Amino acid sequence: MSGAAQRALCPACSRTVLNNRFARCLYCGAGLAQQDLAPAAATVQFDAEAARQQQEEARRQQQRNESLDERREGVADIIGELLDNLPDIGDLFD
Ligand SMILES: [Zn+2]
């Protein structure tokens, strides 16, 4: 996977660093390793508006993940219920 843009991961929460011009993880606020930051990071001032947008994007992404998890749990529930209500089919294959 060398073709894709290299995306650094937060050392604290292991989420993808959405914007490596910021010296902090937008999810958990942890400081990022210097080598994970864009070269200009040292001189970029923290831009509140850009940060707000990034945070919104992070939140959207998180919500997407959560709704995916919910759907997965829902499917697992349904399967579990089906298995509970099925007669023991193991006997059929003895
Ligand atoms: Zn983090």
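Residues numbered from 1 in each chain as written. Predicted model: local features only at pLDDT ≥ 70, side-chain atom pairs only at ≥ 80, totals over all residues.

1. Section: the environment of Asn20
For step 1, the next point in the chain: Examined against the element boundaries, Asn20 turns out to sit in the segment before α1 (48–85).
For step 2, the next point in the chain: Separated by 12 residues in the primary sequence, Asn20 and Ala8 place their C-alpha atoms 7.8 Å from one another. (Helix = DSSP H or I, 4+ residues; strand = E, 2+ residues; numbered from the N terminus.)

2. Some details on the nonpolar core
For step 1, the next point in the chain: One finds Cys10, Val17, Cys25, Leu26, Leu32 and Leu37 forming the largest nonpolar core, which totals 6 residues.
For step 2, the next point in the chain: Here Cys10 is in contact with Arg15, Val17, Cys25, Tyr27, Cys28, Ala30 and Leu32, once residues within four sequence places are set aside. (Core = buried A, V, L, I, M, F, W, Y, C linked by C-beta atoms within 7 Å. Buried ≥ 20, exposed ≤ 12 C-beta atoms within 10 Å, placed from the backbone. Contact = placed C-beta atoms within 7 Å.)

3. Examining unusual backbone geometry
For step 1, the next point in the chain: Not every positive phi belongs to a glycine, and Ser14 is a case in point at roughly 65°.
For step 2, the next point in the chain: For Ser14, the position within the fold is in the segment before α1.

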